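# Examining the three-dimensional arrangement
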Amino acid sequence: MGLQLRSLRGAMKAGLRVIYPPQCLCCGESVTSDDALCPRCWAEAQFIDGPACARCAAPLPSDGAGRAEELTCDDCLTMARPWGAGRAALVYAGTGRKLALTLKHGDRPDLGPALGRWVARAAAALVTPGMPRMIVAPVPLHTRRLLRRKYNQAGLLSAQVARAHGLVHVPELLTRLRPTPAQDHRSVADRFANMAGALGVAPRHAAALAGRPVLLVDDVMASGATLAAASEALLAAGSGPVSVAVLCRAVKEV
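Calculation rules
- Residues numbered from 1 in each chain as written.
- Predicted model: local features only at pLDDT ≥ 70, side-chain atom pairs only at ≥ 80, totals over all residues.
- Heavy atoms only, no water.
- Pairing = 2+ DSSP bridges.
- Helix = DSSP H or I, 4+ residues; strand = E, 2+ residues; numbered from the N terminus.
- Core = buried A, V, L, I, M, F, W, Y, C linked by side-chain atoms within 4.5 Å.
- Buried < 20%, exposed > 50% of the residue type's maximum accessible area, 1.4 Å probe, protein only.
- Contact = heavy atoms within 4.5 Å.
- pLDDT = per-residue confidence, 0-100.
- Axes fitted to C-alpha atoms, helices over the stretch in contact; angles between N-to-C directions.
- Left-handed = near helix turned anticlockwise from the far one by under 90°.
- Nonpolar A, V, L, I, M, F, W, Y, C, P; charged D, E, K, R; others polar.
- Lys, Arg positive; Asp, Glu negative; His and termini not counted.
- Salt bridge = Lys/Arg side-chain N within 4 Å of Asp/Glu carboxyl O.
- Polar contact = N/O pair within 3.5 Å; in protein donor to acceptor, adjacent residues only side chain to side chain.
- Phe/Tyr/Trp six-rings, centres within 6.5 Å; stacked < 30°, edge-to-face > 60°.

## Notes on the sheet that holds strand β6 (residues 214-221)
Taken in spatial order, the five strands line up as β1-β7-β6-β2-β3 in an open sheet, and their pairing is parallel. Looking at strand neighbours, the two that pair on one side only are β1 (85-91) and β3 (168-169), the edges of this open sheet.

Here it is in structure tokens:
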């Protein structure tokens, strides 16, 4: 009976593939497998798989010297980062930018699992088996914005990261204490001022947080102001070390 059920499921899956063939995650063109990119979108996807800043994940040129965990960008040498280490899957440009915007504004929560698995791969080096069990948490949306959008894109990503690494997912660990205007088109200083005191740890989770390492997940890191505010809130509430992982890292144009 079990073999027959598996055969039936296989036949149904094959039939659905004929009716609904796999599509490119970014543009919808036909591809050969699920969760894949077409050749054009793949060529425009800048995955961060080379040298990058160990703190903020910004791609760096390589001179062949130094280990990846020792590399630090100029911004992180001059700007305090309350988190310890950071990773990103893609540069916020081309395909990465299109996917991040579609996930965030395009009513496409179905992209969450595939993109979350990309974030999980990027974050693998941040998961330390010898430490107390790490908590994975998303950067939260304010209630008003969540009601409009219907889902928190960071929460979709963080759920997959936790699942991939067998970690505890606490989607409501952090809360928005006040609404904040969009960060777009603001200076770095304005972004940090906009986020100051905007995030806090939900009281019901404070006791369970004590001393435990946290992996913060968000969709995009630009200045790092939002992740800094979230990290500071966690540390103030007594968490262990904080790391960050994002789908996309915005970089300066050169």
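Back to the write-up after that little detour.
## Quick notes on the nonpolar core
Side chains of a nonpolar character, in soluble globular proteins, are inclined to be buried together. Leu173, Leu216, Leu227 and Leu234 are the most contacted members of the largest nonpolar core, which totals 35 residues. Contributing elements (two or more residues each) for this core: β1, β2 (135-138), β5 (199-201), β6, α10 (225-236) and β7 (242-249). Ranked by residue count, the leading element in this core is α10, at seven residues. Filtering out sequence-adjacent residues up to four positions away, leucine 227 remains in contact with Trp83, Val139, Leu216, Asp218, Met221, Val244 and Val246. In terms of nonpolar packing, the next biggest core, distinct from the first, is built from 34 residues, Cys24, Ala89, Leu126 and Ala245 among them.

## Quick look at the confidence of the model for the chain
Per-residue confidence for the chain gives a mean pLDDT of 87; residues scoring 70 or more make up 86%. Between the elements of the chain, mean pLDDT differs from a low of 53, seen in helix α1 (residues 2-19), to a high of 98, seen in β7.

## Some remarks on the pairing of β2
The side-chain alternation of β2 yields two buried faces, one formed by Ile135 and Ala137 and the other by Val136 and Pro138. The pairing of β2 with β3 spans two bridges and is classified as parallel. Within β3, the residue paired with valine 136 across the bridge is histidine 169. Sheet topology places β2 next to β6; four bridges connect them, and they run parallel. Looking across to β6, one finds that alanine 137 is bridged to leucine 216.

## What about the packing of helix α8 (residues 188-195) against α10?
The description of two packed helices rests on the angle between their axes and on the distance between the axes. One can describe the packing of α8 onto α10 by two numbers: an axis separation of 8 Å at closest approach and a directional angle of 35°. Of the two possible hands of crossing, α8 and α10 adopt the one that is right-handed. From α8, Arg191, Phe192 and Met195 reach across to α10, where they touch Ala225, Thr226, Ala228 and Ala229. Looking at the contact of α8 with α10 residue by residue, the class counts come to five nonpolar, one polar and one charged.

## Describing the side chain of arginine 249
Considering the arrangement of structural elements, one finds arginine 249 in strand β7. We note that arginine 249 is buried and unpaired, the nearest opposite charge coming from aspartate 75 at a distance of 5.3 Å. A polar atom in the side chain of arginine 249 sits 2.8 Å from the backbone oxygen of alanine 222. In this view, arginine 249 contacts Ile48, Cys56, Ala57, Ala58, Arg81, Ala88, Leu90, Val91, Tyr92, Met221 and Ala222; residues no more than four positions away in its chain are not counted.

## What to know about the pairing of β1
Within β1, six of the seven residues are buried, leaving the element largely enclosed by the surrounding structure. In this sheet, β7 lies alongside β1 in parallel orientation, the contact comprising six bridges. By the bridge assignment, alanine 88 is partnered in β7 with valine 246.

## Section: the packing of aromatic side chains
The tally for this structure, following the rule as stated, stands at two aromatic pairs. Between tryptophan 42 and phenylalanine 47 the ring centres are 5.3 Å apart and the planes differ by 40°, which places this aromatic pair in the tilted class. Note on tryptophan 42: relative accessible area 53%, which makes it exposed. Note on phenylalanine 47: relative accessible area 25%, which makes it partly exposed. Ring centres of phenylalanine 47 and tryptophan 118 lie 5.1 Å apart, and the angle between their planes is 70°; on these two criteria the pair is classed as edge-to-face. Of this pair, phenylalanine 47 sits in the loop between α2 (39-43) and α3 (74-78) while tryptophan 118 sits in helix α5 (residues 112-122), and the two are 71 residues apart along the sequence. Exposure remark for tryptophan 118: the relative accessible area of 8% places this residue in the buried category.

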